[in-house]
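# Fold and contact review
The primary structure of each chain is shown beneath.
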Amino acid sequence: MITITFPDNSIKQFEDIPTGMDVAKSISEGFARNCVAMKINDQFQDLSRPIQSDAAIEFLTVNDDNALEVLRHSAAHVMAEAVLNLYPEAKLTIGPVVEDGFYYDIDMPPISEDDLSKIEAEIQKIIKAKNTFERKVVSKDEALEIFRDNPFKCELINELSDQDISLYRNGAFIDLCRGPHIPHTGMIKGIKLMKISGAYWRADPSREQLQRLYGTAFFDKKKLNQYLHLIEEAKKRDHRKLGTRLDLYSFHDEAPGMAFFHAKGMDMWNALLDYWRQTHRAAGYVETKTPVILNRKLWEKSGHWDNYRENMYTCIIDDEEYAIKPMNCPGGMILFKTRSYSYRDLPLRAGEVGLVHRHELSGALSGLFRVRSFHQDDAHIFMTPDQIESEVLGVLRLSEQIYQKFGLTFHLELSTRPEKSIGTDAQWEQATAGLEKALKTYGQDYIINEGDGAFYGPKIDIHIKDALGRTWQCGTVQLDMALPERFDLTYKGQDNDKHRPIMIHRVIYGSMERFFGILVEHFAGKFPLWLAPVQAVVLPITQDLADHADSVKKDLEAAGIRCEVDHRNETLKKKIREAQINYVPLILTIGEKEKETGTLSVRTLDGKVKMGLSMADFTTPVQRHIKERILDDIVL
RNA sequence: GCCCAUGUAGCUCAGUCGGUAGAGCGCUUCCUUGGUAAGGAAGAGGUUCACCAGUUCGAUUCUGGUCAUGGGCUCCA
C-alpha cells in the first residue's frame, strides 16, 4: 500500500506501486495529458518513474515555468537525434536549457543557417512518432562502453560518481542525461531552431571547436509564434537602427564603443537630464562634478588599481601616471574631505552625472547597450548608520517616481554578503538589515541573491521591464563600508567624537547611454511628447508660405517647443507621411487659410486633425503636456 | 581578447568567375502650387568598393594582416 500526499494535503492510497502517470490518471485523464513531470519529495522526476514508497507529490503541468525547462531539455534531445540522423559522424557533447530555449554543442563540420530547415524537418518526423522517453540507470563501465565512440561523453561520465548515471532513450536515440523528460516527443508542439554559432568544448579556447545549435520550444504553437513575433518586434526596435534613422546618435571606427550624439539625440539627452535634475533637487540632492583624469595614487588608495586595473585607461602626464576614471566614487571621496561635517550635515546626498570610461572587451561592445564611455547618473549619500533605512527607502521611492514617467515597471533584488568580503559581521548585519527594512517598508516583493553582494557591502538592484517584457538592470543601491574606511571619512557626532559615515552608491538611469538605448527600444522610436527630439513639424502647403511657416516655427520655439519646418518642394501628403513615420507628435500644416486667419491646423499621430486653433489654444495645452511630462499622447 | 560572418554613395543593399561600379531611398534643380500617409522629370554624389601589404600586365574582386560592426563565447550530461 502506497500513500500519496498532494499539495493540498489530501491523500490517496494505491494497492500496487504506481507510476507518476498512474497517479495523474487517477485524478483525471485530461489532467494526466497536461502533466509533464512530477516532484517527489521535492525532487523532479519523470512521470514514468514508479513511486516505491509513501511520498508527497506535486505535478508539473504544461503551464508551469519549470515544465518549460523539462520540455526544452527534451527538445534538445530530439534536436540531437535529428542531427545524428543527418550527420552520423557528429559527436554530441552537452545540451542544456537556457533562458529562451536550449542549445546543443556538437562536434561536427561547420554547417550553415540553411541546413537548419533540414534538421527541423527531421525533428518534425521524430515529434510525429511520439517516442516515449525511457530512463535507464547504468554503471559507469556500462556507460563508458555505450559511449565509447564519444570522447566528450566519456570525459563527462568519468567525472560522475558511480551512483547516478542515467541514460534516456527515445526511439533509437540514447543520451546521457540527468532528466527528467516529458512523457513523449509529441508534447513538443512548437519548436524552432534559431541560430548556429561556434563554441569551445568546456568554454576553453584551447580545446575542440564545436558547433552550437540554438533552438527554442513550447508546449503549443501559439506560444512559439508569440515568441518569434517578439523577436521580430525587437529587431524592428533595434536602437542601433532607429538611432540612425531618427538621426539621434552614431558610432565610428575612430572611437569604438563611444557614441556620437547628434543634435536630436542631445535634445533628448538634455530632456532626460533636466528631468533627473528636477527630481533629484526636489529629493534633497546637490549636484557635484569631479575630474575625469585622476592620479594613480588615488586609484591605489581606493583599491581600483589592484582590483579594476585591466578595465582602466591610463596615461602619463608630466612623468606622473594617471587613470581615466571608471567610477566616480574616488573623486567623490576627495570632495567629501574638502571640509568637516557635523552629524547635522548628514545625510549628504551628492549627485554627479559623471563621464566614466571602462575598457570593455572589444567583442562585448554593442550599440549603446555596452560601451566603453558613458555617463552614470551617480550619487553618493553619506550618512549615519541609523539613516540607512530611510535613505535607501528614499532612493527606492525616487527610482519609482522616475521610472514611472516612462511607463516602466520594475522588480527588486537584494544581494547579501559574499564569501570574500571586508568588514565585520556586525557591520554587515546592520547594513543588510537596513536594506531589508527599507525593502519591507517600501512594500514591494523582492528576490534575494544570497552571497551576490559586492565585497564592500550589500546592495539592491532594480530591474526595469520594457514594453516587450524584457528586463534590464538599471538602478542599483549599494552600501559601501570600505571606501569611508580607506579614505578615513569622518563626521563629528553629537558626542563630540569622530564617527565613520556609511556611504551609498546609487544610480537610477544607470548608464545614461544604455538607458537611452533602452528607451529607444521601449518606445520603438515613438517617444512621449516631452522626450521627442522634434516635438512639432511645420509643413507649408505651397512654397510661397515658407516665410509664414518660419514665423510660426519661431513662435513655437519661443514657447519652448522643439520644432522644424519641412521646406522641401514636396506634396503635403508626402511631408505628412514622413513626419508620421518619424513619429513627430505634432504636425502643423500651413495653408492660405492659416496664414490669413493666423490659426493653426494640427494633426496628431492618431491621424486626427484639429483646425482653426489659435497660437495660445495650441501652445497652452502642449506646454502643459511637456512640463508635466505626460506619457500618453496629447489630445487637443 | 577568442570563434564565425560582414564591411561597396548620407541610408538600405545589388554586382564584378580579376579588366578601375549600380539600384532604391535621401540630396540638388526644374515642372507641378498641391489641404492631410509616397506627384513627375533631370542631375549631382564613390579621393573607386574599411585600411595596409602581397600575388598579377592589371585587385573592389584572390591571399595575408589590421581595424570596425554583427552573432556567439556565463548559464555544465
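Below or above, wherever it landed, is the structure these notes cover. (Residues numbered from 1 in each chain as written. Chains lettered and ligands numbered in written order. Predicted model: local features only at pLDDT ≥ 70, side-chain atom pairs only at ≥ 80, totals over all residues. Heavy atoms only, no water.)

What follows is about the overall build of chain A. Across its full length, chain A holds 20 helices and 33 strands. Its C-alpha atoms give chain A principal-axis dimensions of about 90 × 75 × 60 Å. Here the contacts in chain A between residues at least 6 apart in sequence split such that 68% fall between residues at least 24 apart. Here chain A has roughly 31200 Å² of accessible surface; of this, 49% comes from carbon and sulfur atoms. Here chain A carries 81 positive and 95 negative side-chain charges, and the mean point of each set is 4 Å from the other. (Helix = DSSP H or I, 4+ residues; strand = E, 2+ residues; numbered from the N terminus. Contact = heavy atoms within 4.5 Å. Areas by Shrake-Rupley, 256 points an atom, 1.4 Å probe, with all protein chains shown as cover. Lys, Arg positive; Asp, Glu negative; His and termini not counted. Charge placed at Lys NZ, Arg CZ, Asp CG, Glu CD.)

Under the defined criterion, the tally for this structure stands at 20 aromatic pairs. With a centroid separation of 4.1 Å and an interplanar angle of 15°, the aromatic rings of F336 and Y341 are classed as stacked. A relative accessible area of 9% means that Y341 is categorised as buried. Grouping aromatic residues by their ring pairs yields a cluster made of Y275, F406, Y509, F515 and W530. Lying across the ring of Y214, K195 places its NZ or CZ 5.4 Å from the centre. (Phe/Tyr/Trp six-rings, centres within 6.5 Å; stacked < 30°, edge-to-face > 60°. Buried < 20%, exposed > 50% of the residue type's maximum accessible area, 1.4 Å probe, protein only. Lys NZ or Arg CZ within 6 Å of the ring centre and 35° of its normal.)

To continue, consider helix α20 (residues 615-627). With 13 residues, α20 ought to run about 18 Å at 1.5 Å a step, and its terminal C-alpha atoms sit 18 Å apart, in line with that. Where α20 ends, the next residue or the one after it, R629, has phi of about 50°, a positive value. (Expected span 1.5 Å × (residues − 1).)

On to the packing of helix α13 (residues 388-404) against helix α14 (residues 425-442). One way to put it is that α13 packs onto α14 with a least axis distance of 8 Å and a crossing angle of 45°. One way to sum up the angle between α13 and α14 is to call them oblique. The handedness of the crossing between α13 and α14 comes out as right-handed. Where α13 approaches α14, its residues I388, E389, V392, L393, L396, R397 and E400 are matched on the opposing element by Q430, A431, G434, L435, K437, A438, L439, T441 and Y442. Class assignment for the residues of the contact of α13 with α14 results in nine nonpolar, three polar and four charged. (Axes fitted to C-alpha atoms, helices over the stretch in contact; angles between N-to-C directions. Parallel < 35°, antiparallel > 145°, perpendicular 65-115°, else oblique. Left-handed = near helix turned anticlockwise from the far one by under 90°. Nonpolar A, V, L, I, M, F, W, Y, C, P; charged D, E, K, R; others polar.)

What follows concerns the protein's contact with RNA strand B. The local shell around RNA strand B holds 54 residues, among which L176, Y200, A203, R577 and R603 are the closest. In RNA strand B, atoms within 4 Å of the protein come 54% from sugar and phosphate. Here K195 contributes a side-chain N or O atom positioned 3.0 Å from a phosphate oxygen of RNA strand B. For RNA strand B, a base nitrogen lies 2.4 Å from a polar atom in the side chain of R577. Elements represented by at least two residues in the surface near RNA strand B include exactly α6 (151-159), β12 (190-200), β13 (209-218), α18 (572-581), α19 (592-597), β32 (600-604) and β33 (609-613). Classifying every residue of the surface near RNA strand B by side-chain character gives 20 nonpolar, 17 polar and 17 charged. (Near = heavy atom within 4 Å. Polar contact = N/O pair within 3.5 Å; in protein donor to acceptor, adjacent residues only side chain to side chain.)

Proteins that are soluble and globular tend to have nonpolar side chains buried together. Residues F406 and F618 are the most contacted members of the largest nonpolar core, which totals 81 residues. No other element matches the eight residues that α13 contributes to this core. With 43 residues, the next largest nonpolar core counts L68, L71, F102 and I111 among its residues. (Core = buried A, V, L, I, M, F, W, Y, C linked by side-chain atoms within 4.5 Å.)

So, about the pattern of salt bridges. For the structure shown, the criterion picks out 30 salt bridges. A salt bridge links E145 to R148; its shortest N-O distance comes to 2.8 Å. You can call E145 partly exposed: its relative accessible area is 44%. Here K236 makes a salt bridge to E233, at a shortest N to O gap of 3.4 Å. Of the two residues, K236 and E233 both sit in helix α7 (residues 221-237), three residues apart, roughly one turn of that helix. K236 gets classed as exposed once you look at its relative accessible area, which sits at 58%. E233 sits in the buried class, given a relative accessible area of 19%. A cluster of three or more residues bridged by salt bridges with shared partners is formed by E155, E159 and R202. (Salt bridge = Lys/Arg side-chain N within 4 Å of Asp/Glu carboxyl O.)

Turning our eyes to something else, we now look at the pairing of strand β1 (residues 2-5). Looking at chain direction, β1 and strand β2 (residues 11-14) are connected through four bridges and run antiparallel. Looking at β2, one finds that T3 is bridged to Q13. Connecting β1 to the next strand, β2, in antiparallel fashion are five residues, including N9 with a positive phi near 75°. (Pairing = 2+ DSSP bridges.)

Our next topic: the sheet that holds β2. As summarised here, the arrangement of the five strands in space is β2-β1-β5-β3-β4, forming an open sheet in which the pairing is mixed. A strand with exactly one partner marks an edge of an open sheet, and here the two such strands are β2 and β4 (43-45). Neighbouring strand axes in the sheet, compared pairwise and without regard to direction, differ in orientation by 35° on average. The strands touched by helix α3 (residues 65-86) are β3 (35-40), β4 and β5 (55-61); relative to β5, the strand with the most contacts, the crossing angle is about 75°.

Counted residue by residue, strand β29 (residues 536-540) has five buried out of five residues, so it is predominantly covered. Going residue by residue along β29, you find A536, V538 and P540 tucked away on one face and V537 and L539 tucked away on the opposite face as well. Bridge analysis of β29 against strand β30 (residues 563-565) gives three bridges, and the strand direction is parallel. In the sheet register, V538 faces β30, and the bridge partner there is V565.

Right, let's get into unusual backbone geometry. With the exception of glycine, the majority of residues adopt a negative phi angle, and the majority of peptide bonds are in the trans configuration. Here L346 and P347 are connected by a cis peptide whose omega angle stands at 0°. Structurally, P347 can be placed in the loop between α12 (329-336) and β20 (348-357). Positive phi values are uncommon outside glycine, yet N9 reaches one of about 75°. You can see N9 is positioned in the loop between β1 and β2. The exposure class of N9 is exposed, given its relative accessible area of 61%. With a phi close to 50°, R629 is a non-glycine residue in the positive phi region. Turning to its location among the elements, R629 is positioned in the segment after α20. What makes R629 buried here is its relative accessible area of 10%.

The strands making up a sheet are joined through hydrogen bonds of the backbone, oriented either antiparallel or parallel. Spatially, β16-β20-β21-β28-β25-β24-β22-β23 is the arrangement adopted by the eight strands of the open sheet, whose pairing is mixed. In the strand order of this sheet, the two ends are held by β16 (286-287) and β23 (446-449), each with one partner. Here strand β24 (residues 459-465) runs beside strand β25 (residues 471-480); their pairing, made up of seven bridges, is antiparallel. Counted as the bridge partner of H463 is Q473 from β25. Across the sheet, helix α9 (residues 263-282) is in contact with β16, β20, β21 (373-383) and β28 (502-511); its angle to β28 comes to roughly 150°.

With that settled, the discussion passes to α7. Relative to the 24 Å expected for 17 residues at 1.5 Å per residue, α7 spans 24 Å between its end C-alpha atoms, a close match to the ideal helical length. Close packing links the buried residues of α7 with β12, β13, α8 (239-245) and α16 (512-523). At the N-terminal boundary of α7, the capping side chain belongs to D220, with an oxygen 3.2 Å from the backbone nitrogen of K222.

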